[in-house]
Amino acid sequence: MTFRNDGKLPPTAKIPYGGDYNPEQWPDEVWDEDHRLFTVAGIDTLTVGVFSWSLTQPAEDTYDFTILDRILDRAAAEGRQVCLATGTAALPPWLAKKYPEANRTDFEGRRHRYGQRHNFCPSSPAYRRLATALADRLAERYAHHPALLAWHINNEYGGVCYCELCADAFRTWLRNKYATLDALNDAWCTTFWSHRYTGWAEIEPPSALTEHWRGPDHTAFQGTTLDYSRFTTDALLGCFLAEKEAIRRHDPETPVTTNLMGMFRPLDYHRWAPHLDFASWDNYPPLDAPPTRAALAHDLMRGLKNGAPFWLMEQTPSTTACRDVNPLKRPGELRLTTFQAIAHGADAALYFQMRASRGACEKYHGAVIGHAGRDDTRVFREVADLGRELELLENVTLGARTPARTALVYDWDSWWALEISDGPSRLVRYVDVVHAYYRAAREAGADVDVVPQTADLTGYDVVLAPALHMIKGDLAARLEAVAARGGTVLSTFLSGRVDEHDRAFLTDVPGPLADLMGIRVDEWDSRPAEFVQPVHLGESVCEARLVFEIVLPRGAEPVATYGADFYAGTPAVTRHPYGEGEGWYVATALDQPGVDQVVRRVLARHDLLGPYADHPTVETAHRAAPDGTRLLFLLNHAPEPARLDAHTTATDLLTGKRTEEGEPLTLDPLGVAVLRLH
Ligand code: GLA
Ligand code: ZN
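Residues numbered from 1 in each chain as written. Chains lettered and ligands numbered in written order. Predicted model: local features only at pLDDT ≥ 70, side-chain atom pairs only at ≥ 80, totals over all residues. Heavy atoms only, no water.

Parsing the protein into structural domains produces domain 1 (17-160 + 227-393), domain 2 (164-224), domain 3 (406-605) and domain 4 (618-677). A separation of 33 Å is found between the C-alpha centroids of domain 3 and domain 4. (Domains from an automatic or database assignment.)

Another point: the side chain of His 212. Relative to the helices and strands, His 212 resides in the loop between helix H7 (181-188) and helix H8 (222-250). At 3.4 Å, the side chain of His 212 and the backbone oxygen of Pro 216 are in polar contact. Reaching out from His 212, the side chain makes a polar contact with the side chain of Thr 225 at a distance of 3.0 Å. (Helix = DSSP H or I, 4+ residues; strand = E, 2+ residues; numbered from the N terminus. Polar contact = N/O pair within 3.5 Å; in protein donor to acceptor, adjacent residues only side chain to side chain.)

What follows covers the sheet that holds strand E9 (residues 346-351). In a beta sheet, neighbouring strands pair by backbone hydrogen bonds and run either parallel or antiparallel. Spatial strand order, E5-E4-E3-E2-E1-E9-E8-E7-E6: nine strands in an open sheet with parallel pairing. The open sheet is flanked by strand E5 (256-257) and strand E6 (259-260), the only strands paired with a single partner. Pairing analysis gives three bridges linking strand E1 (residues 17-21) to E9, with the strands arranged parallel. For Tyr 17, the partnering residue across the bridge sits in E9 and is Ala 349. Helix H1 (residues 28-41) contacts E1 and strand E2 (45-48) of the sheet and is inclined by roughly 155 degrees relative to E1. (Pairing = 2+ DSSP bridges. Contact = heavy atoms within 4.5 Å. Axes fitted to C-alpha atoms, helices over the stretch in contact; angles between N-to-C directions.)

Turning our eyes to something else, we now look at the packing of aromatic side chains. Applying the stated criterion across every chain, the model contains 35 aromatic pairs. Ring geometry for Tyr 157 and Phe 240: centres 6.4 Å apart, planes at 80 degrees, overall edge-to-face. Taken as a pair, Tyr 157 in the loop between strand E4 (148-152) and helix H6 (164-178) and Phe 240 in helix H8 lie far apart in primary sequence, 83 residues in all. Looking at Tyr 157, the relative accessible area reads 3%, which means it is buried. Both rings, one in Tyr 162 and one in Tyr 228, keep their centres 5.4 Å apart while their planes meet at 20 degrees; by these two values the pair is stacked. With Tyr 162 in the loop between E4 and H6 and Tyr 228 in helix H8, the pair connects residues that are 66 residues apart, well separated along the chain. Each member of the pair, Tyr 162 as well as Tyr 228, carries the same accessibility label: buried. Here the aromatic residues Phe 107, Tyr 162, Phe 170, Trp 173, Trp 188, Tyr 197, Tyr 228 and Phe 231 are joined through ring pairs into a cluster of three or more. Lying across the ring of Trp 31, Arg 70 places its NZ or CZ 4.6 Å from the centre. The positively charged end of Arg 497 is found above the aromatic ring belonging to Trp 524, 3.9 Å away from the centroid. (Phe/Tyr/Trp six-rings, centres within 6.5 Å; stacked < 30°, edge-to-face > 60°. Buried < 20%, exposed > 50% of the residue type's maximum accessible area, 1.4 Å probe, protein only. Lys NZ or Arg CZ within 6 Å of the ring centre and 35° of its normal.)

All right, on to the coordination of the zinc ion (ligand 2) then. Around the zinc ion (ligand 2), the protein contributes the donor atoms Cys 121 (SG), Cys 161 (SG), Cys 163 (SG) and Cys 166 (SG), which lie 2.3 Å from the metal centre. One can describe the site at the zinc ion (ligand 2) as tetrahedral: its four donor atoms subtend angles covering 101 to 116 degrees at the metal. All donors to the zinc ion (ligand 2) come from one chain, and their sequence spacing reads C-x39-C-x1-C-x2-C. Linking Cys 121 in the loop between helix H4 (93-98) and helix H5 (125-142) with Cys 166 in helix H6, this pair joins segments that are 45 residues apart in sequence. In this structure, Cys 121 and Cys 166 share a single accessibility class: buried. (Donors = N, O, S within 2.8 Å, 3.2 Å for Na, K, Ca; no water. Tetrahedral: all angles 85-135°; square planar, octahedral: opposite > 155°, others 65-115°.)

Lining the immediate environment of ligand 1, one finds Phe 51, Arg 117, Asn 155, Glu 156, Asn 259, Asp 282, Tyr 284, Glu 314, Phe 352, Glu 362 and His 365. At 2.4 Å, a side-chain N or O of Glu 314 approaches an oxygen atom of ligand 1. Within the side chain of Glu 362, a nitrogen or oxygen atom sits 2.3 Å from an oxygen atom of ligand 1. Look at ligand 1: alone it shows 300 Å² of surface, and the protein chains cover 94% of it. Per-class residue counts for the shell around ligand 1 are three nonpolar, three polar and five charged. (Near = heavy atom within 4 Å. Areas by Shrake-Rupley, 256 points an atom, 1.4 Å probe, with all protein chains shown as cover. Nonpolar A, V, L, I, M, F, W, Y, C, P; charged D, E, K, R; others polar.)

Structure representation (structure tokens):
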């Protein structure tokens, strides 16, 4: 496998352990106690200054670094390292008052007044100038500070603005992209509904006041809305880049990142990836999501830098606060989710947050240290125990890569295009489809790289391309090349439908994938969520829902068939020999057992089923360290013990215990083993 653009992580001797620390919110005496407890828990890394703009710059012409100096100096004196935030994610009140245009205008066209956070217009010159100046000052002051480990620009970039400044910036962005109005009119299909533009100034951001009719996903012009999502991605990236450039003026070395949010639809992180020195992200999985959901996000984040490790920048040690109900992580769960992150490529394990804030909306958010400052709480004990285990690992995992033979193509454009489309179905959710295939591969024991459409696919045996609605560039040819040399490519319903501008291909469906799949999709039936179509797959019958494409084989053979309706007996899954390999097409949303069966057949063809594929609650993940050490993480997601037979001789780095091949290997409930393979 070739890796390009794989960036640069902060050099550390072990996995950095710690998290967001905001001591500016409490009195000095407490700082002593904080550091005493950090030492007890093995905390060596503090993320500092994420929301301190109004303290560090109390007025436009006044900077005050007194508190930040003390926080960093204290960290250095205690031997701790700092991930230093630029703090530009929440406007100080004076800025919002003095420059009202720095506040965002929402989808309904309302210019917001001061409040909340993540509240700035990305096109506001005042915001850009002042945020950049702050980053510049911070870098000038702290570039050579002994505690500085990494730069953390802003925080969780996101949100869309529809103000006049953004409208103008959008028009400029469009001019750069299309050069002529003819090209834009052609791309957006503006002859439809009399939309031909004759001047750039006529173009409006797509909002509730213009092209949209029921909300952000209901647009009359998909091309326009897609471009606004791309523009927003680039506009916020522009803010990041301006700050990064300011930092680089004083500090050419220290790695720079910003905390991303995994499968976050509004921003196409693949457009950001080249500009991050290393990827980092905040893991707050949806409640009740299976463990593969967080795993998919980890692998997506690892894919940003071509497989290089990333940082887990935030997770809660116990509970969130922003949801209607906020369950606790059960005993052992924090350890399990942390090792899951490491198993998938995290080279840091950081929390939000080190000590609970006293007031405002996050006062009940979980923290390593609670309001009472105790070290005898369950959460503190679990954090401290984990700190000791991470010390045991020393540097073994750092820089280790995932030796995946399976790739899954993840594409923000397809995600957007699919979910803003009128027809065939509003019920198909991109992440659900992608996750079903990812889950099937992971539970079968395959390591998976989650990659963009532009990724080099030459190193993979299997490429999964579910719901690949939009096909860009030479992707179809590269997928054909995978199959031609013996690999297997799998795609699904609603793939190969549109070009980069969301224009239908003027060919049979699935467009550029048709040759590889050896099929033609003639029609598609979309039905309500409760409608179930039986699908005959091998010896079993599984269930399918939402969309049923009617497939005419053109060289492919049926693997499964529909069981009902006027298309009963026609193919629901096909397999097409292509070169030395195969193209598989799944024409409907199969239930998970159906997806599992199809994916396992594909993996089996390449001998990619893992040794514990029959233990669905045991997750396996490999990492290969720079010195050649091969690691296998075993994660038991069940509340009962998992009894395995060791498939190879290995030593558990957490217990020092060696297990010979064939010997019993038991994982505790929610237990973890980090095996060094012999
Ligand atoms: C996000 C933010 C943090 C905090 C946490 C709470 O990840 O980055 O500042 O608000 O959520 O879960
Ligand atoms: Zn704006």
